[in-house]
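# Structural characterization, general
Listed below are the residues making up each chain.
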Amino acid sequence: MKPIYSRRAVLTSMGLAAFTGPALWLPRRSQSADSYLNPMQKSRVVIARAENILQPDNTLDAERAGKLLDEAMRALGGLGEKKEAVDVWRSLFSPADRVAIKINSLAGRMLSPHPELAYAIAERLIEIGIPADRIVIWDRSERELEKAGYDPREAKGKALLAATDSQGVGYEPQPEISGSIGSCFSRIVSKGCTALINLGVLKDHDLSGVSAAMKNLFGVIHNPNRYHFDVHKDPYLPDLCLHPYIKNKIRLTICDGFRGQYDGGPAYSPKGIWNYGGLIASTDQTAVDSVAESILSRKRRENNLPSFREQDREPLYIQLAEEKKVGRADPSRIDAVEATI
Amino acid sequence: MDASLNRRKFVQASVCAGCALSMGGTLLAAPGAQAADALPLTKELSDQEALYYDKLDDLKIQCKLCPKECRVADKERGYCGVRENKGGVYTTLVYGRPCTLHVDPIEKKPLFHYMPGTAAFSIATAGCNMECKFCQNWDISQFRPEQIRMIDLSPQKTADLAKETKSQTIAYTYSEPVIFYEYMYDAAKAARELGVGSVMISNGYIQEKPLRALCKQLTGVKIDFKAFTEKFYKETCSGELAPVLKALKIIREEGVWLELVVLIIPTLNDGEDENKSMAEWIVKNLGDQVPVHLTRYHPTYKLKITSTPVKTLEKLRSLMMKEGLKYVYLGNVAGHPSENTKCPECGAMLIRRLGFQTQIENLEDGECKKCHTKIPGVWSDPLVKISG
Ligand code: SF4
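The present account deals with the structure reproduced in this document.

Rules behind the numbers
Residues numbered from 1 in each chain as written. Chains lettered and ligands numbered in written order. Predicted model: local features only at pLDDT ≥ 70, side-chain atom pairs only at ≥ 80, totals over all residues. Heavy atoms only, no water. Helix = DSSP H or I, 4+ residues; strand = E, 2+ residues; numbered from the N terminus. Polar contact = N/O pair within 3.5 Å; in protein donor to acceptor, adjacent residues only side chain to side chain. Near = heavy atom within 4 Å. Nonpolar A, V, L, I, M, F, W, Y, C, P; charged D, E, K, R; others polar. Pairing = 2+ DSSP bridges. Axes fitted to C-alpha atoms, helices over the stretch in contact; angles between N-to-C directions. Contact = heavy atoms within 4.5 Å. Salt bridge = Lys/Arg side-chain N within 4 Å of Asp/Glu carboxyl O. Buried < 20%, exposed > 50% of the residue type's maximum accessible area, 1.4 Å probe, protein only. Buried area = accessible area lost by both parts, 1.4 Å probe. Core = buried A, V, L, I, M, F, W, Y, C linked by side-chain atoms within 4.5 Å. Domains from an automatic or database assignment.

### Focus on the side chain of Thr358(B)
Within the element layout of this structure, Thr358(B) appears in strand β17 (residues 357-360). Only 3.2 Å separates the side chain of Thr358(B) from the side chain of Glu107(B), close enough to count as a polar contact.

The following block contains the structure:
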């Protein structure tokens, strides 16, 4: 396969070439778990939906997708009329950041975050002064990126495309323990970025029940298959999110729900697909998972499917994440707002 | 890259190692590892259909190779990371995809009663069906195949290369051969045709049906008997003890040569009661002739407990011998006299060992030269059955 990106660009721009020791940068604007400790504070989740963005060929109308993203960000910032979406981006990222946008490309072109949405996010980052070569859209393998429709020619000028298996990237050489998990982290998340955006998909998962936000981050470690057993009820995902590489770097979670899958996941399964027509955004990924769970559960009820609990895959990890102070799972502590264009 | 030229170079280098080994009778030089760099690398995973799985609804499958019985949805992998569901067909990604090849002395496995002083063409792929916190080879066993090096080497070529390197045996080792079952099985079959034996160095975490079929192709097995409590298997290895006990009995029933290794880790599995019970179980179920290697642990991977004191090993060795085991060796303790094989009847020195160097002294045709006691093991052609 042809190189999907310029090796030198990623190694140099994302700072991987220079690193031999532990991470040198600390994120400037950490949205760490501490910000959720205030019992009075709710986590805001924006559900932004609009018609006629998803095209019949499963691409997005890029312009309208960008507008919906802007509305989502305005709502996320709880902004009055005076502020623009760009201010919200500025409040989350600085021009000095190196931003890694982690996508979930396992299911291929039919059920991965749409490239148009990923590029729209990258364009907003560029707008606040982050150069395109300091933004990387990535997943585990170049092959998966390619199969999900990510093309270096289209990404050019917006972001770099890279994968952990890209030449010169790889995993950290030693495993790191975080609660119940012990894994080698992708160097993109350990050293290549100062800020992380979790860009997952709204979908059902055979083992975890829901795969929307936290589950996408299994793709940052070398051994996710070790933690698939009972992943729906074990603390693996919350523990992963508590590792400093994630906890200190994650700034924003966006779940692509233009197309969702309420059954038959994690691979693409046409019988469980529906057009949800939007996205879910928050700075609290646990809250995104909680909202995703209720959307998928509702859809399963409408289609007379057994509940996640009846199938012994209720995503209890979302509640565990609240107990472990990763974020908010309790709907009464989530401020869900809607947005549209 | 000129793969054939490089392959020739590899073979030449390995043959030299084989020559050193085949000098028998005198102290033999350990050959050391031969790099696999010369062989053709590939980025392509295999898509050979796996054996032993059931198809379920919605393109899901259930693997029946090892006791984990992973239920795997489309596009997902089992726990071992080397078997993937591709649209309802379970595939082995590592068929003919070793990540490492070495010509080792058989003593390194360790197998002490199996063709002493001979060469074992040793191969591994990525992956494992357990996760031992003390794994010495975690950098291959705990990775997916595409995350590390893959060599393109069919089972037939593997057997040919073993023969060319003058290895009497292929050892499936380093990671966990159970998870590359199909590759191991076919390579062992091809090797048998060439008169080369096959030994599996395994955790014994495998289901009965595949194990019985595999035993027909193997000439020896070494099982890492990790401890004698379910707690240890569960908490330290992400495995289970009961299926391993069952597998040990099956290997015995199938008549394949068997040796055991127990890595003794301070505070986790070094209790006297536990090891006494283990020895009792071995004597009762496998017989008193099974060689047991008590090896010294050193901190590695996720376990940071300090190294096992040699005294602990010595104490456990005498305890196990008191329970009736005839051959209990110490491992990872260079130069310790308990590395040698002595006749259990007259005490004559049969095989003297120093590290991986071996000198056969009073052993002839599987008997003690002094008192003619039969010594169990595979002492000549690995395709000839056990003499003890
Ligand atoms: S061999 Fe691998 S996939 Fe099969 S049951 Fe064992 S761990 Fe699971």
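### Remarks on the site of the ligand
Taken together, Cys63(B), Leu65(B), Cys66(B), Lys68(B), Glu69(B), Cys70(B), Gly78(B), Tyr79(B), Cys80(B), Arg83(B), Tyr90(B) and Asn129(B) make up the full set of residues near the ligand. Counted by class, the shell around the ligand contains seven nonpolar, two polar and three charged residues.

### Describing the sheet that holds strand β9 (residues 169-172) of chain B
Residue and element names in this part refer to chain B. Taking strand neighbours across the sheet as the criterion, the eight strands line up as β7-β8-β9-β10-β11-β12-β13-β14 in an open arrangement whose pairing is mixed. The strands lining the two open edges of the sheet, one partner per strand, are β7 (100-105) and β14 (328-331). On average, each strand axis in the sheet is inclined to that of its neighbour by 20°, with strand direction left out of account. Strand direction decides the pairing type here: strand β11 (residues 220-224) and strand β12 (residues 257-264), joined by five bridges, are parallel. Counterpart to Val221 in the pairing with β12 is Leu258. Where helix α3 (residues 155-164) meets the sheet, it contacts β7, β8 (119-124) and β9, and its direction lies at approximately 150° from that of β8.

### Topic: the pattern of salt bridges
Residue and element names in this part refer to chain B. Within the structure shown, the criterion is met by 43 salt bridges over all chains. Close ionic contact of Lys222 with Asp224 constitutes a salt bridge, the shortest N to O distance being 3.1 Å. According to the relative accessible area criterion, Lys222 is buried, its value standing at 4%. Linking Glu235 and Lys231 is a salt bridge whose minimum nitrogen-to-oxygen distance equals 2.9 Å. You can see Glu235 and its partner Lys231 sitting in helix α6 (residues 230-237), four residues apart, about one turn around the helix. Note on Glu235: relative accessible area 45%, which makes it partly exposed.

### Quick notes on the sheet that holds strand β3 (residues 61-63) of chain B
All names here are of chain B. In space, the three strands of this open sheet follow the order β2-β3-β4, with antiparallel pairing throughout. Lying at the two open borders of the sheet, with one neighbouring strand each, are β2 (53-55) and β4 (71-72). As defined by bridge partners, β3 adjoins β4 across two bridges and the pair is classed as antiparallel. What sits directly across from Gln62, in β4, is Arg71.

### Regarding the interface of chain B and chain A
On the chain A side, the residues contacting the 26 residues of chain B number 26 residues. Together chain B and chain A conceal approximately 2100 Å² of surface at their shared face, both sides included; 48% is due to carbon and sulfur atoms. For Lys271(A), the salt bridge goes to Asp58(B), with nearest N and O atoms at 2.8 Å. Its residues assigned to classes, the side of chain B that touches chain A shows nine nonpolar, five polar and twelve charged.

### A few points about the nonpolar core
Residues and elements named next belong to chain B. Counting 101 residues, the largest nonpolar core has Phe134, Phe225, Leu248, Leu258, Leu260, Ile282 and Leu294 as the members making the most contacts within it. Broken down by element, the residue count for this core peaks at eight residues, all from helix α4 (residues 181-193). Residues lining this core come from more than one domain, with at least three contributed by each of domain 2 (48-92) and domain 3 (100-338). With sequence-adjacent residues up to four places away left out, Leu260 is seen in contact with Ile223, Phe225, Leu248, Ile282, Leu286, Val290, Pro291, Val292 and His293.

Nothing here speaks to function; it is all geometry.
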